[in-house]
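# Fold and contact review
The chain contents come next:
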Amino acid sequence: MEPVTAADEVVGICRDLLRIDTSNTGDPRTTVGERVAAEYVAAQLTEVGIEVELHESAPRRANLVARIPGRDRSRGALLVHGHLDVVPADASEWSVPPFSGEEKDGYLWGRGAIDMKDFDAMMLAVVRDWQRTGVVPPRDIVLAFTADEEAGMEYGSQYLVREHADLLEGCTEAIGEVGGFSYTINDDLRLYLVETAEKGIDWLRLHARGRPGHGSFVHDDNAVTALAEAVAAVGRHKFPMVVTPTVRAFLEQVSEALGIEIDPDEPELAIAKLGPIAALIGATVRNTANPTRLEAGYKDNVIPGKASATIDCRTLPGQAENFLEQLRDVIGPDIEIEHLQQQPAVETGFDGALVDAMGAALRAEDPGARAVPYMLSGGTDAKAFSTLGIRCFGFAPLKLPADLNFSALFHGVDERVPVEGLQFGVRVLDRLLKAS
Ligand SMILES: [Zn+2]
């Protein structure tokens, strides 16, 4: 019998993971699948002799950590992490049942196929292969499989960092989502976007207060009117453009690859031409503030004394305070700001031995590969891990068909991962971890 390789195994492992419904509804009563997935992961690791630690932050909210000792234990460890939860899927919208892990047309279909059970499966396939063949990595590798990435990370990476930082001791660098996927320029050139920065999260509630009263009177101090004016002003405001080092490097590389001039004062014109990945990149040149919820009043003919709105704000690295000053100018002095959740932006340089090894691993499997840094406008577990001083990268390698609208698959209908891309990813990950 042929020996089992990581590329053989990764598809079956990914399929198994896709068949475990780990929907994270945001409600602890209905978020129950992570434990099943963590037990599956534990079984895959213990079967080949890797010890695991499984920790629940709350009933069934399971997180799993394993350390693979490296040859040089004095070096900083590399954290390789993936979340096990997924966003819910409405089966009526899908072409296949979203938790079937069906394979057809060269893809594995299912919720989590790219976010991010694909990478979870790659991690498992690589280290299982190593255990069978006696590969010892150059330095310690810490594997972390987390809960709750899709609903604030409180029960997952934040919990691990808060309660079990000892398991992550010595980790200096990390790889996880969202990066390492290809963007095809032409047959001979594919950009692989490596995430080196993430915007910060600042979820705010705006409160307006006024004089309550009868809806039939002349009334010049109406909380609803004041709030509506502030919300409209925020929603329409374009915050000033700030090109950070990551975005500058991205634009330079893209302009070189595409052979087009990108006006550094008008990068949005160039970004708009990037097709599907414009959605990923578009929000990384400014702070943004999107109104998402409104609340006021309790009766049609009563003017309420207060009104509130939630604003989803995303801030560029180093911009959090500046942003609040700008926001204050937009909403005026009378609106009160309440902070619901704040997570800082993160940014690291696109340099060093690990970054070089990413480029080399990609080129070894795809001669047309060029690794470029980029900033994610959303947030990942990297936010929590970076608070421990870990340099975090999004590098979950995937070679994608040129015509696949990859960014639309995130949390999207018919989420799927190309089987060949998955096997490519496992080979790149294997090379990277052996060289890092
Ligand atoms: Zn994800």
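Summarised in this report is the structure supplied together with it. Keep in mind that what you see is a predicted model, and the values were worked out from it rather than measured. (Residues numbered from 1 in each chain as written. Predicted model: local features only at pLDDT ≥ 70, side-chain atom pairs only at ≥ 80, totals over all residues. Heavy atoms only, no water.)

If you trace the three strands from one edge of the open sheet to the other, you get S4-S5-S19, paired in antiparallel fashion. Looking along the sheet, the strands with just one partner apiece sit at the ends: strand S4 (103–104) and strand S19 (416–418). Where strand S5 (residues 107–109) meets S19, three bridges bridge the pair, whose relative direction is antiparallel. For Trp109, the partnering residue across the bridge sits in S19 and is Arg416. The strands that helix H1 (residues 6–18) touches are S4 and S5; relative to S5, the one it contacts most, it runs at about 20°. Helix H13 (residues 419–435) rests against S4, S5 and S19 of the sheet, and its axis sits at about 70° to S19. (Pairing = 2+ DSSP bridges. Helix = DSSP H or I, 4+ residues; strand = E, 2+ residues; numbered from the N terminus. Contact = heavy atoms within 4.5 Å. Axes fitted to C-alpha atoms, helices over the stretch in contact; angles between N-to-C directions.)

Here we take up the packing of aromatic side chains. Here the distance between the centres and the angle between the planes together describe a pair of aromatic rings. Inspection of every chain in the model, using the stated rule, returns five aromatic pairs. Here Phe239 and Phe323 contribute two aromatic rings whose centre-to-centre distance is 5.1 Å and whose plane-to-plane angle is 45°, an arrangement assigned as tilted. Placement of the pair is Phe239 in the loop between helix H5 (223–236) and helix H6 (245–258) and Phe323 in helix H9 (residues 320–331), with a sequence separation of 84 residues. On the basis of relative accessible area, Phe239 is assigned to the buried category, the value being 1%. Here Phe323 falls in the buried class, since its relative accessible area comes to 0%. Following the ring pairs from residue to residue traces out a cluster consisting of Phe181, Tyr374, Phe406 and Phe410. A cation over an aromatic ring shows up here: Arg416 above the ring of Tyr107, its NZ or CZ 5.2 Å from the ring centre. (Phe/Tyr/Trp six-rings, centres within 6.5 Å; stacked < 30°, edge-to-face > 60°. Buried < 20%, exposed > 50% of the residue type's maximum accessible area, 1.4 Å probe, protein only. Lys NZ or Arg CZ within 6 Å of the ring centre and 35° of its normal.)

The next thing to look at is the layout of surface pockets. In this structure, the largest pocket occupies an estimated 660 Å³ of space. Contributing to the lining of the largest pocket are 25 residues, with Glu150, Arg314, Gly378, Gly379 and His411 lying nearest its centre. Elements with a minimum of two residues in the lining of the largest pocket: strand S10 (200–209), helix H8 (278–281) and strand S15 (336–343). Across the lining of the largest pocket, the residue classes tally to ten nonpolar, ten polar and five charged. (1 Å grid on protein atoms, 1.4 Å probe; cavity = no way out; pocket = protein on both sides within 12 Å on 5 of 7 lines; lining within 4 Å. Points joined across faces, edges and corners; volume = space filled by probe spheres on them. Nonpolar A, V, L, I, M, F, W, Y, C, P; charged D, E, K, R; others polar.)

Our focus in this paragraph is the coordination of the zinc ion. Octahedral six-donor coordination of a metal ideally yields angles of 90 or 180 degrees, compared with 109.5 degrees for tetrahedral four-donor coordination. With distances of 1.8 to 2.6 Å, the protein atoms coordinating the zinc ion are His83 (NE2), Asp115 (OD), Glu177 (OE) and Glu177 (OE). Between consecutive donors of the zinc ion, the numbers of intervening residues give the motif H-x31-D-x61-E. Of this pair, Asp115 sits in the loop between S5 and helix H3 (117–133) while Glu177 sits in the loop between strand S7 (171–176) and strand S8 (181–186); the two residues are 62 residues apart in sequence, bridging distant segments of the chain. The same class applies to Asp115 and to Glu177, which are both buried. (Donors = N, O, S within 2.8 Å, 3.2 Å for Na, K, Ca; no water.)

One pass over the full model with this rule turns up 28 salt bridges. A salt bridge links Asp140 to Arg73; the shortest N-O distance between them is 2.8 Å. Note that Asp140 is positioned in the loop between H3 and strand S6 (141–146) and Arg73 in the loop between strand S2 (62–68) and strand S3 (77–83), a separation of 67 residues in sequence. Among the residues examined, Arg73 registers a relative accessible area of 52% and is labelled exposed. A salt bridge links Arg314 to Asp312; the shortest N-O distance between them is 2.6 Å. (Salt bridge = Lys/Arg side-chain N within 4 Å of Asp/Glu carboxyl O.)

Quick look at the packing of H1 against H3 now. Interhelical geometry of H1 versus H3 gives an angle of 135° and a closest axis separation of 8 Å. As the angle between them shows, H1 and H3 are arranged oblique. Viewed along their axes, H1 and H3 form a crossing whose handedness is right-handed. Residues Ala6, Glu9, Val10, Ile13, Cys14, Leu17 and Leu18 of H1 touch H3, and the partners they reach there are Lys117, Asp118, Asp120, Ala121, Met122, Leu124, Ala125, Val126, Arg128, Asp129 and Arg132. Taken together, the residues of the contact of H1 with H3 sort by class into eleven nonpolar, no polar and seven charged. (Parallel < 35°, antiparallel > 145°, perpendicular 65-115°, else oblique. Left-handed = near helix turned anticlockwise from the far one by under 90°.)

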